[in-house]
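# Structural description and commentary
The chain contents come next:
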Amino acid sequence: TNANWPSVPSTVAQALDDVASVINYKNVYQIYVDANAGSDSTGNGSQLRPYSTLQHALSVASAGSAGNYSIVLGPGTYGGTTINWPVQANKTIHLIAADGSVTITAQINYTAQGLSDESLVMDGIYVSNQMNFDLGLGGVVSILLMNDRD
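Source: prediction; values computed, not measured.

### Quick notes on the overall build of the protein
- Looking only at helices and strands, the protein has two helices and 11 strands in total.
- Taken from N to C terminus, the helices and strands of the protein fall in the order α-β-α-β-β-β-β-β-β-β-β-β-β.
- Restricting to contacts in the protein with at least 6 residues of sequence separation, those with at least 24 account for 62%.
- Carbon and sulfur atoms provide 51% of the accessible area of the protein, an area that totals close to 7900 Å².

### Quick look at the packing of aromatic side chains
- Counting across every chain of the model gives one aromatic pair.
- Consider the rings of Y29 and Y69, whose centres lie 4.7 Å apart with planes at 25 degrees: the pair is stacked. Highlighted residues: Y29 in strand β1 (residues 28-33) and Y69 in strand β2 (residues 67-73), separated in sequence by 40 residues.
- The partly exposed category is assigned to Y29, whose relative accessible area is 28%.

### A look at the sheet that holds strand β9 (residues 125-127)
- On the basis of which strands lie adjacent, the open sheet formed by three strands has the order β3-β6-β9 and parallel pairing. Sheet topology places β3 (76-78) and β9 at the edges, where each strand pairs with a single neighbour. When the angles between neighbouring strand axes are averaged without regard to direction, this sheet yields 25 degrees.
- Both β3 and strand β6 (residues 102-104) contribute to a ladder of three bridges, which runs parallel. Bridge pairing links G76 to V102 in β6.

### Side note on the pairing of β1
- Two elements, β1 and β2, share six bridges in a ladder whose sense is parallel. Bridging from a neighbouring strand, Q30 pairs with S70 of β2.
- Handedness of the β1-helix α2 (residues 54-63)-β2 crossover: right-handed.

### Points about the environment of I96
- Looking at where I96 falls in the secondary structure, it is placed in strand β5 (residues 91-97).
- We classify I96 as partly exposed; its relative accessible area is 23%.
- Between the alpha carbons of I96 and V121 there is a distance of 8.3 Å; along the sequence they are 25 residues apart.
- Beyond its immediate sequence surroundings of up to four residues, I96 is in contact with S70, I71, V72, L73, D123 and I125.

### So, the pairing of β5
- Within β5, five of the seven residues are buried, which leaves it mostly tucked inside the rest of the structure.
- Sheet topology places β2 next to β5; seven bridges connect them, and they run parallel. Within β5, the residue paired with S70 across the bridge is H94.

Parameters and conventions
Residues numbered from 1 in each chain as written. Predicted model: local features only at pLDDT ≥ 70, side-chain atom pairs only at ≥ 80, totals over all residues. Heavy atoms only, no water. Helix = DSSP H or I, 4+ residues; strand = E, 2+ residues; numbered from the N terminus. Contact = heavy atoms within 4.5 Å. Areas by Shrake-Rupley, 256 points an atom, 1.4 Å probe, with all protein chains shown as cover. Phe/Tyr/Trp six-rings, centres within 6.5 Å; stacked < 30°, edge-to-face > 60°. Buried < 20%, exposed > 50% of the residue type's maximum accessible area, 1.4 Å probe, protein only. Pairing = 2+ DSSP bridges. Axes fitted to C-alpha atoms, helices over the stretch in contact; angles between N-to-C directions. Right-handed = clockwise from strand over helix to strand, strands pointing away.

This is the structure in structure tokens:
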């Protein structure tokens, strides 16, 4: 057994426990984004000084410590050509629509780095373009997409 490789769950219950351990990290970080009133250059990701682009918020979360990252998106359209989303070891990224009127028009490239536990949750966000998933080998990768919009 290679100590650098995580163990592979042998049951569904064990896999769910593995995902829950990632989701329940004590480290919880909130990053706010507002496409209309935020700024990537002067914002700091707080509710009072949000970033303006989802790409910038994802870059901040990817570079941060292991844990849970809730990226709260203010109302609006989040565009650009492509949003590159590299997910690092032992992180959960939860994209949350602040009021349900959030649309992402850019193509999303989600890349799980593998050899770790990674989770993605998107809640109440309409994605009008393509989502590409590159799921690395070795780790537990959990993806949950929820959309309560018609």
